[in-house]
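Take a look at the letters that make up each chain.
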Amino acid sequence: MLAIATKIGESLLLILAVLVFNFVLVYIAPGSVIDALSAGSLGDASEAQIEAVRERLGLDKSFFGQLFMYLGNVLQGDFGYSPIGNRPVVEMIAPRIFPTLLLAFSALTFAVTIGIAIGTAAARRPDSFLSSGLTVFALIGFAMPVFWTGILLILVFGVWLDWLPVAGMNDLRMSSRAGFFERAVDTAEHLILPTVSLGVIFLATYARLARASMMEVLQSDYIRTARAKGLHESKVLFKHGLRNGIIPIITVLGLEFGILLSGAILVETVFAWPGLGRLAFEAVLNRDTNVLLAILTMVSVTVILANLLTDIVYRLVDPRIRTGGRA
Amino acid sequence: MTTLRDTTTLADTRERPPIERYQGLRMFMANKAAVLGAILLGVILIISYILPLFITTDKLAYVASRHTPPLTEGGPILGTDYLGRDVALIVMHGGSTTLEVAGFAALLIIFVGATIGAFAGYYGGMVDRVLMKVTEFFQVLPGLLFALVVVALFGASTATIVIAIGIVSWPPIARQTRSEFMKQKGLEYVKAAKAIGASNARIILRTILPNTFPILIVQSTLTMGAAILFEAGLAFLGLGDPNNLSWGYYVGLNRQYFLTNWWAVSIPGFMVFLTVLSLSLIGDGLQDAINPKLRGR
Amino acid sequence: MDQPLLSVRNLTVKFGEFKAIDGLSFDLYPGKTLAVVGESGSGKSVTALSIMRLVELGTRAKVAEGEVLLRRDDGSTIDLLKQSERAMRSIRGNDISMVFQEPLTSLNPVYTTGDQVIETIRQHRKTTRRDAAKRALEMFEKVRIPRPDKVMQDYPHQLSGGMRQRVMIAMALSCDPRLLIADEPTTALDVTIQAQMLGLMKSLQQETGAAVMLITHDMGVVAEVADDMVVMRNSKFVESGSVYDIFEKPGAAYTRALLASVPRLGSMKGKTEPERFDLVDREGM
């Protein structure tokens with residue numbers, strides 16, 4: 001319990017660190033929001049108007065004054081105003097969070113389940129083609145640029161075979177009166193290709209990890225004990241083997257979450273998926289710094305929370321950590 | 001077990017007889033995948049650095065009608081892009097841009113990672129704990145998004161891109177170096193160096209660091225691959241130098257036309273894939289040569 | 001004498017070309033303890049795994065020929081080597097169960113000890129979880145685990161080696177097996193715990209009437225608990241007979257050497273160091 005409390009405290013500190021870091025970046029960056037504004041919509045603003053905006057944004061305050069103002073605003077859920085979207089940043093970001101989480105969760109589930117299945121199958125037959133080819137598959141999976149995989153998948157499955165939708169989260173022709181179920185099925189169809197493009201980077205990695213860990217587990221004495229008890233091989237494998245075999249995978253999961261969400265930016269851009277990543281791409285194009293910073297904050301917080309969650313799950317799965325044992 | 005003889009044998013590892021030294025090379029050559037990777041990388045380097053020397057035509061010139069498919073009679077071999085430019089020519093020139101940005105970034109990553117890892121591993125205690133917290137912080141950050149913010153704030157020059165990739169990618173190297181330093185510092189040859197009064201700086205730089213080179217070399221091939229992917233991702237999103245079209249940037253430019261022009265997006269993307277794959281194959285082969293026990297993992 | 005409970009006939013097990021067991025035969029009688037003795041690598045453990053038909057599941061070995069006849073309650077026998085995997089599953093942990101050498105690693109670290117025993121019971125008996133838990137608690141009491149209700153909630157890493165081995169024995173005996181195969185059950189334990197464990201196994205055998213096949217390299221253990229013994233060396237059968245007979249008059253030179261390796265009380269009287277004994281060469285067999 002104490003360990004988890006410490007972890008939560010650490011996570012909060014990490015979030016604070018991310019915010020401070022964000023602020024420092026903007027502070028030392030050349031060209032303020034004002035410059036960006038005056039280059040764009042406020043091109044003909046007078047000195048007095050600019051001074052008024054500076055005051056409103058608190059840019060006339062000291063470093064720490066601005067930092068505390070920024071932190072205070074963020075804690076109140078105020079990420080500033082987007083001159084491009086002409087709305088508060090929060091309003092632009094809020095509807096984008098769910099699609100990104102859906103995509104990330106879906107890709108992760110895909111990579112972990114298929115990866116573990118392949119890795120376990122390979123671990124059972126170490127001499128098979130599957131097992132010896134796994135290293136090469138992993139290298140290939142790692143080497144594919146996500147955006148390229150995405151485009152190839154669109155070309156093959158969306159255009160030439162015309163099996164799956166390739167853009168957005170829902171069919172534009174779908175009537176607004178469509179029921180929840182119909183909508184969900186449509187979203188699921190739209191989710192397939194982005195999920196595969198994003199998941200494929202991790203698929204081979206998890207398969208490789210699962211193979212190494214399951215090979216070790218399957219040779220362990222408690223697996224022999226489980227067989228000697230008369231358990232069915234599937235129970236031996238899944239109840240006694242997998243529960244131990246996934247422990248190393250869980251530890252990696254949290255660490256890779258940042259990479260997952262980074263990849264999501266590229267995948268969302270390719271598939272016009274209406275998530276935070278797509279918004280980040282648009283914000284870069286429009287030089288909409290406030291939105292970009294808010295996304296960085298949101299995504300960092302998500303990654304930190306995901307790490308916290310994996311840590312808790314890890315403790316639940318492995319009693320040796322939970323009960324503070326020696327072995 | 002801690003006899004004087006052990007100390008000398010360990011200290012002498014750098015002066016092994018030549019036969020043993022080539023053993024690693026032989027193991028590398030025996031690994032077909034690694035040799036394939038080396039050949040592939042060689043071909044890519046020739047395409048990117050030697051071939052352009054023989055071509056004097058302007059790479060950005062109009063050569064044939066827009067969207068001419070590859071292998072069309074009268075058109076360039078790999079077709080043209082949405083502006084009627086020669087895809088093969090641009091991709092060929094894009095290699096050096098991609099490799100240079102990734103190369104500098106990889107150097108920065110190794111330098112920062114190895115330095116932080118060496119300090120954390122060698123000094124341990126409080127230094128280690130603080131440095132590892134910092135490492136964890138950077139490891140948890142969503143790298144690409146973070147680099148995106150840095151490049152967006154500071155402008156898309158080669159220097160900012162290199163630095164942006166560098167500051168988000170060093171944590172794995174730092175962790176590896178740290179654990180290697182922690183392992184090595186307990187060994188006899190380091191104790192022996194301490195006993196003869198060597199300074200900490202000397203022990204870190206001259207005694208332990210050379211022994212972590214094998215691992216750092218493997219890591220740098222893998223890091224280089226990761227940096228290429230990173231650069232490609234940033235450039236694909238439009239954060240690159242518009243005058244030096246890197247592969248990723250070129251994919252990004254052609255993206256909106258990919259339904260009519262699949263070759264201008266797939267070919268540069270394929271080059272990124274091949275380059276990263278060749279580096280990974282080499283890295284994997286080196287890993288096996290250094291540590292045969294991990295083979296097949 | 002009764003008819004044997006288990007008869008191994010000409011058992012041969014191969015790892016590729018290498019014969020891990022080469023034509024082994026022996027009989028095991030109900031209610032008796034048979035010790036299978038030999039150095040490490042002599043094929044003792046493979047024999048146990050072959051009887052359980054676990055060699056092909058966990059290792060790359062294959063049973064090449066032979067018979068393993070198990071007598072059923074009605075007096076007829078079945079050849080375990082010819083049974084389907086499904087039939088074997090109903091025998092493992094039920095008619096024949098096993099205790100392994102390493103109590104530290106033989107229990108699954110992520111489940112409580114109670115769960116692991118309950119799982120065995122419910123695998124072979126149609127009972128509710130509550131009844132199985134009650135049975136498991138009885139078994140924990142039977143193997144003299146102090147505070148059994150608490151230990152059932154514990155994970156293996158929270159227990160000492162001796163306690164874990166008691167859990168293993170409780171698990172092995174939970175379905176009233178007719179044969180318990182114990183593979184070096186005391187080797188990994190402290191010497192004081194070893195003696196307790198042997199005493200426990202002996203009294204449990206008297207209580208349950210199960211036959212025990214005890215695999216060991218330790219002649220001291222054999223002398224203490226076994227009725228009969230089989231000596232193995234380099235995958236081959238050396239000799240068998242009652243422990244009394246063999247200790248009294250070992251037939252093979254190798255058995256004599258094994259026996260000589262056990263220090264006897266008073267054997268060092270008047271000497272400053274143990275007497276050297278000659279290793280038996282292969283030709284002497």
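Values in this document were obtained by computation on a predicted structure and should not be read as measured data. (Residues numbered from 1 in each chain as written. Chains lettered and ligands numbered in written order. Predicted model: local features only at pLDDT ≥ 70, side-chain atom pairs only at ≥ 80, totals over all residues. Heavy atoms only, no water.)

Chemist: Would you take a moment to explain the overall build of chain B for this structure?
Modeler: On a plain count of helices and strands, chain B comes out with 12 helices and zero strands. Order of helices (α) and strands (β) in chain B, N terminus to C terminus: α-α-α-α-α-α-α-α-α-α-α-α. When the 297 residues of chain B are sorted by exposure, 51% land in the buried category. In chain B, the proportion of contacts linking residues at least 24 apart, taken out of those at least 6 apart, comes to 72%. For chain B, the exposed surface amounts to about 14,200 Å²; the carbon and sulfur share of it is 66%. (Helix = DSSP H or I, 4+ residues; strand = E, 2+ residues; numbered from the N terminus. Buried < 20%, exposed > 50% of the residue type's maximum accessible area, 1.4 Å probe, protein only. Contact = heavy atoms within 4.5 Å. Areas by Shrake-Rupley, 256 points an atom, 1.4 Å probe, with all protein chains shown as cover.)

Chemist: Got a minute to help me understand the overall build of chain C in this structure?
Modeler: When helices and strands are tallied, chain C shows 11 helices and 10 strands. For chain C, the C-alpha radius of gyration of 20 Å lies close to 19 Å, the compact-globule estimate for 285 residues. Principal-axis analysis of the C-alpha atoms places the extent of chain C at approximately 60 × 45 × 40 Å. Within chain C, buried positions represent 51% of all 285 residues. Nonlocal contacts in chain C, meaning residues at least 24 apart in sequence, comprise 67% of its contacts between residues at least 6 apart. (Rg over C-alpha atoms; globule rule 2.2 N^0.38 Å.)

Chemist: Sorry, what's going on with the confidence of the model for chain C here?
Modeler: Detailed reading of predicted coordinates is not advised where the pLDDT is low. Residues and elements named next belong to chain C. On average, chain C scores 82 in pLDDT, and the residues at 70 or more come to 91%. Between the elements of chain C, mean pLDDT differs from a low of 75, seen in helix α2 (residues 55-58), to a high of 89, seen in helix α4 (residues 113-124). On the interface metric, ipTM, the complex scores 0.83, and its pTM is 0.77. (pLDDT = per-residue confidence, 0-100.)

Chemist: Would you mind showing me how to read the nonpolar core here?
Modeler: The tendency in soluble globular proteins is for nonpolar side chains to be buried as a group. The biggest cluster of nonpolar side chains holds 156 residues, and the ones touching the most others in it are A:Ile295, B:Leu148, B:Ile165 and B:Leu234. The biggest single contributor to this core is helix α4 (residues 87-123) of chain B, with 15 residues. Leaving out residues up to four positions away in the same chain, B:Leu148 has contacts with A:Ile265, A:Ala280, A:Val284, A:Leu292, B:Leu234, B:Leu237 and B:Leu239. (Core = buried A, V, L, I, M, F, W, Y, C linked by side-chain atoms within 4.5 Å.)

Chemist: Looking at this model, I keep getting lost on empty space enclosed by the protein. Mind explaining?
Modeler: It is a probe the size of a water molecule, rolled over the atoms, that shows where empty space is left. Residue and element names in this part refer to chain C. Applying the stated criterion across every chain yields a total of six cavities of 30 Å³ or more. What the largest cavity holds in volume is close to 80 Å³. Surrounding the largest cavity, Thr-33, Leu-198, Met-201, Lys-202, Gln-205, Val-212, Leu-214 and Val-225 form its lining. When residues of the lining of the largest cavity are traced back to their parent elements, those giving at least two are α8 (191-208) and β8 (211-216). Considering every element that reaches the lining of the largest cavity, the biggest residue donor is α8, with four residues. (1 Å grid on protein atoms, 1.4 Å probe; cavity = no way out; pocket = protein on both sides within 12 Å on 5 of 7 lines; lining within 4 Å. Points joined across faces, edges and corners; volume = space filled by probe spheres on them.)

Chemist: Is there a simple way to explain the interface of chain C and chain A in this structure?
Modeler: With 31 residues of chain C in contact, the opposing surface of chain A contributes 27 residues. Interface area for chain C against chain A, summed over the two sides, is near 2,600 Å², with a carbon-plus-sulfur share of 54%. For chain C, the biggest contributors to the area lost against chain A are C:Val110, C:Glu119 and C:His157; these three give 26% of the whole. Our count for the contact surface shared by chain C and chain A stands at two salt bridges. The salt bridge involving C:Glu119 is made with A:Lys239; its shortest N-O contact spans 3.1 Å. The tally of links from chain C across to chain A stands at 13 residue pairs in polar contact (both at pLDDT 80 or more). (Buried area = accessible area lost by both parts, 1.4 Å probe. Salt bridge = Lys/Arg side-chain N within 4 Å of Asp/Glu carboxyl O. Polar contact = N/O pair within 3.5 Å; in protein donor to acceptor, adjacent residues only side chain to side chain.)

Chemist: Help me out: how do you make sense of the side chain of B:Ser96 in this one?
Modeler: Secondary-structure assignment places B:Ser96 in helix α4. Aside from chain neighbours lying at most four places away, what touches B:Ser96 is B:Ser48 and B:Tyr49.

Chemist: Is there a simple way to think about the domain arrangement of chain C in this case?
Modeler: Where interface size is given, it is often the accessible area lost as the parts come together that is meant. Residue and element names in this part refer to chain C. By domain assignment, chain C separates into domain 1 (1-95 + 178-193 + 200-262 + 278-285) and domain 2 (106-176). Taking only C-alpha atoms, the centre of domain 1 and the centre of domain 2 are 26 Å apart. Across the boundary between the two partners, domain 1 contributes 16 residues, which contact 15 residues of domain 2. Summing both sides of the interface, domain 1 and domain 2 together bury roughly 1,200 Å²; the carbon and sulfur share of this comes to 63%. (Domains from an automatic or database assignment.)

Chemist: Looking at this model, I keep getting lost on helix α5 (residues 129-142) of chain C. Mind explaining?
Modeler: Every α-helical turn comprises 3.6 residues, leaving residues that sit three or four positions apart pointing alike. All names here are of chain C. Its 14 residues give α5 an end-to-end C-alpha distance of 20 Å, which sits within 8% of 20 Å, the value for a rise of 1.5 Å per residue. All of the buried residues in α5 are Ala-132, Ala-136, Met-139 and Phe-140. The arc that holds every buried residue of α5, seen down its axis, measures 100°, which confines them to one face. Opposite its buried face, α5 presents the exposed residues Arg-130 and Lys-134, each directed more than 90 degrees away. One or two positions beyond α5, positive phi appears at Arg-144, with a value near 60°. (Expected span 1.5 Å × (residues − 1). Arc of directions from axis to C-beta.)

Chemist: Sorry, what's going on with the interface of chain A and chain B here?
Modeler: With 51 residues of chain A at the interface, the matching set in chain B holds 44 residues. When the two sides are added together, the surface that chain A and chain B hide from each other amounts to roughly 4,300 Å², 80% of it contributed by carbon and sulfur. Viewed at the interface, chain B and chain A are joined by two salt bridges. Two residues, A:Glu10 and B:Lys133, come together in a salt bridge whose shortest N-O distance is 3.2 Å. Those elements giving two or more residues to the side of chain A that touches chain B turn out to be α1 (2-28), α6 (129-143), α7 (146-160), α8 (180-218), α11 (247-271), α12 (276-286) and α13 (289-317) of chain A. Examining the composition of the side of chain A that touches chain B, we find that 10 residues originate from one element, α13(A), more than from any other.

Chemist: What is the right way to read α4(C) from this model?
Modeler: Across its 12 residues, α4(C) extends 18 Å between first and last C-alpha, which sits within 8% of the 16 Å expected from 1.5 Å per residue. Buried residues dominate α4(C), accounting for nine of its 12 residues. Those residues of α4(C) that fall on the buried side of the exposure criterion are C:Thr113, C:Gly114, C:Gln116, C:Val117, C:Ile118, C:Glu119, C:Thr120, C:Ile121 and C:His124. Residues of α4(C) that are buried make contact with α10 (233-245) of chain A together with α3 (85-91), α5, α6 (148-152) and α7 (161-173) of chain C.

Chemist: I tried to follow the environment of A:Ala48 on my own but got confused; where do I start?
Modeler: Residue and element names in this part refer to chain A. Relative to the helices and strands, Ala-48 resides in helix α3 (residues 47-57). Relative accessible area serves as the criterion here: at 56%, Ala-48 is assigned to the exposed category. For the pair Ala-48 and Val-74, spaced 26 residues apart in the sequence, the C-alpha separation amounts to 28 Å.

Chemist: Looking at this model, I keep getting lost on the environment of B:Thr212. Mind explaining?
Modeler: All names here are of chain B. On the secondary structure map, Thr-212 appears in helix α10 (residues 200-236). The exposure class assigned to Thr-212 is buried, which follows from its relative accessible area of 2%. For the pair Thr-212 and Val-151, spaced 61 residues apart in the sequence, the C-alpha separation amounts to 33 Å. Residue contacts for Thr-212: discarding those within four places in its chain leaves Glu-180 and Phe-181.

Chemist: How should the packing of helix α5 (residues 89-124) of chain A against α10(A) be read in this particular structure?
Modeler: Axis angle and axis distance: for two packed helices, these are the angle between their axes and the distance between the axes, and together they describe the pair. Residues and elements named next belong to chain A. Running from N to C, α5 and α10 point in directions that differ by 115°, and their axes come no closer than 13 Å. For the element pair α5 and α10, the recorded crossing hand is right-handed. For the pair α5 and α10, contact is made by Ile-116, Thr-120 and Arg-124 and by Glu-233, Leu-237 and Leu-242, respectively. Taken together, the residues of the contact of α5 with α10 sort by class into three nonpolar, one polar and two charged. (Axes fitted to C-alpha atoms, helices over the stretch in contact; angles between N-to-C directions. Left-handed = near helix turned anticlockwise from the far one by under 90°. Nonpolar A, V, L, I, M, F, W, Y, C, P; charged D, E, K, R; others polar.)

Chemist: Can you help me understand the side chain of C:Gln205 in this one?
Modeler: In this structure, C:Gln205 sits in helix α8. In contact with C:Gln205, not counting residues within four places along its chain, are C:Gly31, C:Lys32, C:Thr33, C:Ala210, C:Ala211 and C:Val212.

Chemist: Even after reading the chapter, I still don't get unusual backbone geometry, so can you show me in this structure?
Modeler: Working note: non-glycine residues mostly have negative phi, and peptide bonds are mostly trans. Residue and element names in this part refer to chain C. Phi is positive for Arg-144, close to 60°, though the residue is something other than glycine. Its place among the elements puts Arg-144 in the loop between α5 and α6. The phi angle at Glu-184 is positive, at roughly 45°, despite the residue not being glycine. By the secondary structure assignment, Glu-184 is in the loop between β7 (179-183) and α8. Taking the relative accessible area as the measure of exposure, Glu-184 reaches 7% and is therefore buried.

Chemist: Help me out: how do you make sense of the packing of aromatic side chains in this one?
Modeler: Aromatic ring pairs are reported here in terms of the distance separating the ring centres and the angle at which the planes meet. A full pass over the atoms with the stated rule returns 16 aromatic pairs over all chains. Aromatic pair A:Phe21 and B:Phe138: ring centres 5.7 Å apart, planes at 85°, arrangement edge-to-face. Here A:Phe21, found in helix α1, pairs with B:Phe138, found in helix α5 (residues 125-140), and the two come from separate chains. Exposure remark for A:Phe21: the relative accessible area of 26% places this residue in the partly exposed category. (Phe/Tyr/Trp six-rings, centres within 6.5 Å; stacked < 30°, edge-to-face > 60°.)

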